[in-house]
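Listed here are the chains, written in short residue letters.
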Amino acid sequence: MITDNQQTIRNAIGKQNTTLIAVSKKQPDERIEEALACGIRTFGENRVQEAATRWQKRRAIYPDLKLHLIGPLQTNKAKTATELFDVIHTLDREKLAREIVKHRADIPCFIQVNTGDEAQKAGIALSDLDNFYKWCVNDLKMTICGLMCIPPVDAPAGLHFGLLADRAANLNLNGLSMGMSNDYPLALRYGASHIRVGSSLFGERQS
Ligand SMILES: *Cc1c(COP(=O)(O)O)cnc(C)c1O
């Protein structure tokens with residue numbers, strides 16, 4: 001099943017230079033093994049502890065694994081996160097940036113942007129983005145590879161993908177982490193460099 005699903009997604013990506021992040025959170029072990037057997041090596045997780053349980057041992061077996069943190073990161077887990085993950089997609093505040101730098105200044109990070117200006121959602125406000133980016137790069141010497149967003153559920157996602165793409169272009173950033181199971185084809189049209197796909201690849205998650 002994962003083979004076919006992967007093919008569908010890869011067909012949508014076509015010749016674009018886009019990385020498929022297989023979002024493995026809450027998936028049973030059989031499916032993780034199936035994905036690995038299909039040759040998938042790039043995975044996304046949204047919780048540090050769950051990711052450690054799932055991937056720490058497999059790291060030794062699959063040296064070419066790439067793990068992306070796509071969920072909110074608490075500062076007290078920053079150290080573990082920098083040890084376990086290759087890329088962090090959810091850099092969203094100064095305190096977290098400082099904490100990441102303490103442990104691993106050069107870990108590639110995406111800045112999460114709250115494109116819908118939602119009170120309950122993580123992410124840097126659009127109005128703070130440019131200053132935050134400059135501070136991360138100039139003062140903290142961080143490796144910022146791009147921008148990430150999760151569009152509001154009730155809004156046209158294309159609006160948010162387009163906005164994120166514009167802001168990334170203004171900052172000369174190539175990385176655009178956007179698009180999930182139900183909107184990745186649209187994100188691809190707006191130039192996503194990384195799509196984060198869970199259920200459309202693995203099947204529905206365990207609750
Ligand atoms: C869970 C999750 C995904 C994947 O969601 P699907 O709809 O299953 O593809 C992508 N991005 C983030 C930030 C997530 O938390």
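For the structure, see preceding data.
For the structure given in this document, a descriptive report is provided here. (Residues numbered from 1 in each chain as written. Predicted model: local features only at pLDDT ≥ 70, side-chain atom pairs only at ≥ 80, totals over all residues. Heavy atoms only, no water.)

## Here we look at the side chain of lysine 25
Relative to the helices and strands, lysine 25 is located in the loop between strand S1 (19-23) and helix H2 (29-37). Salt bridges are absent for the buried lysine 25, whose nearest opposite-charge side chain, glutamate 45, sits at 8.2 Å. When residues no more than four places from it in sequence are discounted, the contact partners of lysine 25 are Gly44, Glu45, Asn46, Glu50, Arg54 and Arg205. (Helix = DSSP H or I, 4+ residues; strand = E, 2+ residues; numbered from the N terminus. Buried < 20%, exposed > 50% of the residue type's maximum accessible area, 1.4 Å probe, protein only. Lys, Arg positive; Asp, Glu negative; His and termini not counted. Salt bridge = Lys/Arg side-chain N within 4 Å of Asp/Glu carboxyl O. Contact = heavy atoms within 4.5 Å.)

## Some points on the packing of aromatic side chains
Scanning all chains against the criterion turns up three aromatic pairs. Ring geometry for phenylalanine 43 and tryptophan 55: centres 4.4 Å apart, planes at 40°, overall tilted. Taken as a pair, phenylalanine 43 in strand S2 (residues 42-45) and tryptophan 55 in helix H3 (residues 48-61) lie far apart in primary sequence, 12 residues in all. Looking at tryptophan 55, the relative accessible area reads 0%, which means it is buried. Ring geometry for phenylalanine 132 versus tryptophan 135: centroids 6.0 Å apart, planes at 35°, classification tilted. A residue pair is termed a helical-turn pair when its members lie 3 or 4 positions apart in one helix, as phenylalanine 132 and tryptophan 135 do in helix H6 (residues 129-139) at three residues. Judged by its relative accessible area of 6%, phenylalanine 132 falls in the buried class. Judged by relative accessible area, tryptophan 135 falls into the buried class, the value being 17%. The ring of tryptophan 55 carries the charged tip of arginine 58 above its face, separated from the ring centre by 5.7 Å. (Phe/Tyr/Trp six-rings, centres within 6.5 Å; stacked < 30°, edge-to-face > 60°. Lys NZ or Arg CZ within 6 Å of the ring centre and 35° of its normal.)

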